Every structure is written in structure tokens, then in C-alpha cells.
Amino acid sequence: MVRCSICKKKIVYQEPLLLVIRDEERESIEKKICATCENKLNALNKFDNPKEIKIAIKYLKSHSTINHDNDITSYLCSILEFSVSNLKIIEVNRESVDVVKYYFDNDSGMYSNIGEKIKTLAKIIALTISILTVIAGIAMINKGIMMNLETRLGNPGTDLILWGIGYTILGPLFSFLTSFFMYGFGELIVRTTELGKKQQRNSSL
Ligand SMILES: [Zn+2]
């Protein structure tokens, strides 16, 4: 029966895994370990998952203190010391990354990204007013033509036709021209916000 060198549990279902402890002064030592312990040893290298590293350190630490195998104890102590200092670096880095992330992910909700929203609104308003003025213009031209056709005394609908033509051409023109100001205002906000974020990012690095 084989027992794991780290946790001392019986290794029943599979061939024991081998932990090779390299020592500069002596020859390399091979220790049989179980899959659980190997997992925990591997977890120490999961730099993207500090939580898992923390669990692994806790697990291995508890087994290093009650282990009667001096080779295992000294091996665990040395790698744990290294892992703990690594973990601290990871956590400090991660924390600052999280702070930066929080800083920049903070804009959500109705008034977030207001510059882009103003730009979109400017386009929608310009398009809507254009369509409405064109429809009104065409209706006026149509009405004027009908008035001219229905009467034999002069051309009472001509004024309306001219107004209609004016609406059809100048309506979209003015609506787009005025929307440029609104669009420009939105663009200004977008640029200013980006500049502010860039400065924050630079000062936080
Ligand atoms: Zn084990």
C-alpha cells in the first residue's frame, strides 16, 4: 500500500504520482504523492487565480507542519515561502487593476457616455425633422396644385406650391445645419471625456 508523502492518505485508485525534489547539494529525491496534492502544487502556479493559490497555500501549509518527512517539510516550506510572496505581488497588482477598472467601468446608466448619446440624438432629430418637412412640403405642393385645378379664377394655389417647394428643400437643409451644432457639442464631450480618462490612466500608472 502506498501513501501520499504530503497528505499521508492511501493512494488507492491509481499509480502514485512522483514529486521530484531537486537539491543542489544532494541527488534529486522522488516522492510519491496523490492527485489531490499534485493539484494543489500545480495551483501555486495559477497566477491568474489568486483565490486558488491561497487555498493551495493553506492546504500545503497544514500538511507541511504535521509532516514527519523532513525532505517534504523543507520542500514545502521553501515553495510556500516563494508562493506567499508571489501571491502578495499578485494581490497588490490585482487590487490596483481592480481599482483602475472600477474607475473606468463606473460610467453606466442613462447619463453615461452622454457625448455619444447627444450625437445619436442629433442625427435622429435632423432626420425626423427632414422627413416631416419634406412630407409637409409635398402635401402643400399637392394642395396648391389641387386649388389651381379646381378654380378658374387666377392661381390661388401658387403661393402654397412655392411654400411647399421651400419646405421640401430648405427644411432638411436647416434641420441638418442646426443639428451640426448639437452633434459638435456631443463630439466635444466625447473628446473631453476621453482626454480625462487618458490623464487618469496615466496618473494611476
Ligand atoms: Zn496527498
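Small disclaimer: the values here were computed from a predicted structure and weren't measured. (Residues numbered from 1 in each chain as written. Predicted model: local features only at pLDDT ≥ 70, side-chain atom pairs only at ≥ 80, totals over all residues.)

Visitor: I'd like a description of the overall build of the protein, backed by residues and values.
Guide: A count of helical and extended segments in the protein gives five helices and two strands. The order of α-helices and β-strands along the protein, N terminus first, is β-β-α-α-α-α-α. Radius of gyration (C-alpha) of the protein: 38 Å, far over the 17 Å computed for a compact globule of 205 residues. Each principal axis of the C-alpha distribution contributes one length, and for the protein these read about 120 × 45 × 25 Å. In the protein, which comprises 205 residues, the proportion classed as buried is 15%. Looking at the protein alone, contacts between residues at least 24 apart form 57% of all its contacts between residues at least 6 apart. (Helix = DSSP H or I, 4+ residues; strand = E, 2+ residues; numbered from the N terminus. Rg over C-alpha atoms; globule rule 2.2 N^0.38 Å. Buried ≥ 20, exposed ≤ 12 C-beta atoms within 10 Å, placed from the backbone. Contact = placed C-beta atoms within 7 Å.)

Visitor: Could you give me a rundown of the nonpolar core, with the residues and numbers involved?
Guide: Counting residues in each nonpolar core, the largest one holds 14 residues, and the members touching the most others are Cys4, Ile6, Ile33, Cys34 and Cys37. Among the elements of the structure, α1 (35-43), α2 (50-65) and α3 (70-105) are those that each provide at least two residues to this core. Ranked by residue count, the leading element in this core is α2, at four residues. Residues within four places of Cys37 in sequence aside, it is in contact with Cys4, Ile6 and Cys7. (Core = buried A, V, L, I, M, F, W, Y, C linked by C-beta atoms within 7 Å.)

Visitor: Outline the environment of Ile57, listing residues and values.
Guide: Along the polypeptide, Ile57 turns up in helix α2. Sequence-wise, Ile57 and Lys40 are 17 residues apart; in three dimensions their C-alpha atoms are separated by 7.9 Å. Ignoring any residue separated from it by four or fewer positions in sequence, one finds Ile57 in contact with Leu80, Ser83, Val84 and Leu87.

Visitor: Could you give an account of the domain arrangement of the protein, with specific residues and numbers?
Guide: Along its sequence, the protein is carved into domain 1 (17-105) and domain 2 (114-204). When each unit is reduced to the centre of its C-alpha atoms, the spacing between domain 1 and domain 2 is 66 Å. (Domains from an automatic or database assignment.)

Visitor: Explain unusual backbone geometry to me, and be specific about the residues and the numbers.
Guide: Of note in the backbone geometry, Lys8 takes a positive phi value of approximately 65 degrees without being a glycine. What makes Lys8 partly exposed here is the crowd of 15 C-beta atoms within 10 Å.

Visitor: Account for the environment of Ile79, naming residues and giving values.
Guide: Within the fold, Ile79 resides in helix α3. The exposure class assigned to Ile79 is partly exposed, which follows from the 16 C-beta atoms found within 10 Å. Between the alpha carbons of Ile79 and Val12 there is a distance of 27 Å; along the sequence they are 67 residues apart.

Visitor: Describe in detail the confidence of the model for the protein, supporting the description with residues and values.
Guide: Put simply, the protein has an average pLDDT of 87, and 94% of its residues get 70 or more. Averaged over each element, pLDDT in the protein is lowest for α3 (82) and highest for helix α4 (residues 114-150) (94). (pLDDT = per-residue confidence, 0-100.)

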